[in-house]
Amino acid sequence: MNLKESFKSRRFLVGLLLALITLTSVAQQKSNNRMTWFEDARLGIFIHWGIYSVNGIDESWSFFNGYIPYDEYMKQLNGFTASSYDPEAWVRLIRQTGARYAVLTTKHHDGVALWETKQSRLNVVDSTPAGRDLVKPFVRALRKADLKVGLYYSLLDWSHPDYPNFTKNETRYEADSARWERFVKFNHGQINEITREFNPDLYWFDGDWEQSAERWRAPEIRKMILENNPSAIINSRLAGYGDYATPEQGLPSKRPTEKQWELCMTMNDSWGYQGNDTNYKSSLQVIRIFAECIGMGGNLLLDIGPKPDGTIPEEQQQVLRDLGRWTAKHQEAIFGTRAGLPEGHFAGPTTISRDSTMVYLFFTGDSGGELMLEGVKNRINKAVVIGNGTTLGTKEFLRPSWSSHAGVWFIKVPEEVLDEKMTVVGLSLNGKLELE
Ligand code: GLC
């Protein structure tokens, strides 16, 4: 081989190597990207719909905790009509909030399936006046609206004759491997139905705490799901085999250590419809909690509880519409952004654009006429009121030419540009964000 040839073949080898490296990094990126839509989504709507809405009592827990006898609880089957159920209308409302996904309870701990399961007659088709599959049309409507499909499924089933736990004080058996095997077959059978019939983008498991990962056969469940759809996402409640954390009814005060998380939260104090529960958070309170969530890099999964006929209570619709007005105006600062500045830079929630050249500051009230920002080394090229377009005056102090410290920025926000709920100011930086 002469010099020229050997050079050529070496070049070929280098090229081959480079191509291989690119290919593997693309493949790697693909698997990391499984979570990207979820991280971008920021807002999801949770729907607790089940027979518990008939009496307006706690979902499943009301009989488990002995508030009502099991048989009485089950009488609610007769009142679950779904007579005004309009999944397209649900989806229009969900879409209006700006949410990118919804999660519907396909089966709560009471074991009543909202779809036509072949594993048991305890489902709304065979055992309620609704008489039809309620999951399928909702899934279809979500897909049509280009929203991601999330389905909630309770692993534990306090109604199943082969499930060991029944109520707080009664168990069906202590150790009986044959019965447990029968239950596992049933449980995996239902999950398999959900997988094949609805192919959700997101599996929202619940009730894992009563058994171990080994007993649930959690790895097998995960495998079954990902074999069917490699890009499906699974919440944390699969006994350690999920993808993201699910703090419940508790806003973290510090940024959680988990990379991905989602706060699930009710609008009043109930997951399902309870007419007596009027303890609603105001739209502003919901918006502020939402801003805190996204500022700490999480999603909010905001719950609604439809009535037994399938209508969504007016109070809940109002919150959704108010939220939608606000997210539509501020979408740039919400969707597709990432967790904001660490504590100490700004007195309020913030988010950062994915390319980290924009910082968004969220605040209520008039913030004393001027916002104050510390510890950001960049220059601010422009400050603008999101959803309004007004450019704001900025002034930097405490940055003498000889100092390498970040200065202190003041941004004047006139009253007439304030949002009625929460105002957002976007700062375009002179490059990627650099913190002190
Ligand atoms: C719980 C409860 C349940 C509710 C769920 C929502 O773990 O058991 O009733 O559906 O959380 O996050």
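Residues numbered from 1 in each chain as written. Predicted model: local features only at pLDDT ≥ 70, side-chain atom pairs only at ≥ 80, totals over all residues. Heavy atoms only, no water.

A.B. asks: Where do I start with the overall build of the protein chain in this structure?
C.D. replies: Per the secondary structure count, the protein chain includes 14 helices and 16 strands. For the protein chain, the spread of C-alpha atoms along the three principal axes comes to 80 × 75 × 40 Å. Per-residue burial over the protein chain gives 54% buried out of 436 residues. Look at the contacts in the protein chain between residues 6 or more apart in sequence, and 70% of them connect residues 24 or more apart. Here the protein chain has roughly 20,000 Å² of accessible surface; of this, 50% comes from carbon and sulfur atoms. Here the protein chain contributes 50 positively and 54 negatively charged side chains, and the mean placements of these two sets differ by 8 Å. (Helix = DSSP H or I, 4+ residues; strand = E, 2+ residues; numbered from the N terminus. Buried < 20%, exposed > 50% of the residue type's maximum accessible area, 1.4 Å probe, protein only. Contact = heavy atoms within 4.5 Å. Areas by Shrake-Rupley, 256 points an atom, 1.4 Å probe, with all protein chains shown as cover. Lys, Arg positive; Asp, Glu negative; His and termini not counted. Charge placed at Lys NZ, Arg CZ, Asp CG, Glu CD.)

A.B. asks: I would appreciate a short explanation of unusual backbone geometry in the present structure.
C.D. replies: Backbone phi values are negative for most residues with the exception of glycine, while trans is the configuration of most peptide bonds. Phi at Ala239 takes a positive value of approximately 45 degrees, unusual for a residue other than glycine. Tracing the chain through its elements places Ala239 in the loop between strand 5 (233–234) and strand 6 (262–265). Using a relative accessible area of 23% as the deciding quantity, one classes Ala239 as partly exposed. The residue Ser356 is not glycine, and still its phi comes out positive at about 50 degrees.

A.B. asks: Is there a simple way to explain the confidence of the model for the protein chain in this structure?
C.D. replies: Close reading of the predicted structure is inappropriate where its pLDDT is low. Of the residues in the protein chain, 93% have a pLDDT of 70 or more, and the chain-wide mean is 93. Scored below 50 in pLDDT, residues 24–30 shows zero contacts in the model against residues more than four places distant or in partner chains. (pLDDT = per-residue confidence, 0-100.)

A.B. asks: Looking at this structure, I do not really get the sheet that holds strand 11 (residues 370–374). What am I missing?
C.D. replies: Either a parallel or an antiparallel arrangement is found when strands of a sheet pair, and the pairing is made through backbone hydrogen bonds. What the three strands build is an open sheet, ordered 11-15-14; its pairing is antiparallel. One side of each edge strand has no neighbouring strand; the edge strands of this open sheet are strand 11 and strand 14 (394–397). Neighbour-to-neighbour, the strand axes of the sheet open up by a mean angle of 20 degrees, direction not taken into account. (Pairing = 2+ DSSP bridges. Axes fitted to C-alpha atoms, helices over the stretch in contact; angles between N-to-C directions.)

A.B. asks: Looking at this structure, how should I read the nonpolar core?
C.D. replies: Nonpolar side chains tend to gather and get buried jointly when the protein is soluble and globular. One finds Trp49, Phe138 and Phe205 to be the most contacted residues of the largest nonpolar core, which totals 95 residues. Taken domain by domain, this core gets at least three of its residues from each of domain 1 (38–329) and domain 2 (338–429). Setting aside residues up to four positions removed in sequence, Phe205 forms contacts with Tyr153, Leu155, Ile191, Ile221, Ile225, Ile234, Asn235, Arg237 and Leu238. Core analysis: the second largest hydrophobic core is formed by 21 residues, Leu341, Val359, Phe363 and Leu373 among them. (Core = buried A, V, L, I, M, F, W, Y, C linked by side-chain atoms within 4.5 Å. Domains from an automatic or database assignment.)

A.B. asks: Explanation requested: a positive patch on the surface in the structure shown.
C.D. replies: On the surface, a cluster of positive charge is contributed by Lys118, Lys136, Arg140 and Arg196. The residue Lys136 is located in helix 8 (residues 135–144) in this model. On the accessibility criterion, Lys136 (36% relative accessible area) is partly exposed. (Patch = residues over 30% accessible without salt bridge, like charges linked within 9 Å, V, L, I, M, F, W, Y side chains within 5 Å. Salt bridge = Lys/Arg side-chain N within 4 Å of Asp/Glu carboxyl O.)

A.B. asks: How should I be thinking about the domain arrangement of the protein chain in this particular structure?
C.D. replies: Note on interface size: it is often stated as the accessible area lost on association of the parts. By domain assignment, the protein chain separates into domain 1 (38–329) and domain 2 (338–429). Taking the mean C-alpha position of each, domain 1 and domain 2 sit 38 Å from one another. Contact residues are listed per partner, giving 18 residues for domain 1 and 17 residues for domain 2. Approximately 1,500 Å² of surface area, both sides summed, lies buried where domain 1 meets domain 2, with 54% of it carried by carbon and sulfur atoms. Inspection of the region where domain 1 meets domain 2 yields four salt bridges. Put simply, Asp419 and Arg325 hold a salt bridge, and the shortest N to O gap is 2.8 Å. Run the count over domain 1 and domain 2 and you get six residue pairs in polar contact (both at pLDDT 80 or more). Contributing elements (two or more residues each) for the side of domain 1 that touches domain 2: helix 2 (36–41), helix 12 (283–295) and helix 13 (314–329). Per-element accounting of the side of domain 1 that touches domain 2 gives the leading share, eight residues, to helix 12. (Buried area = accessible area lost by both parts, 1.4 Å probe. Polar contact = N/O pair within 3.5 Å; in protein donor to acceptor, adjacent residues only side chain to side chain.)

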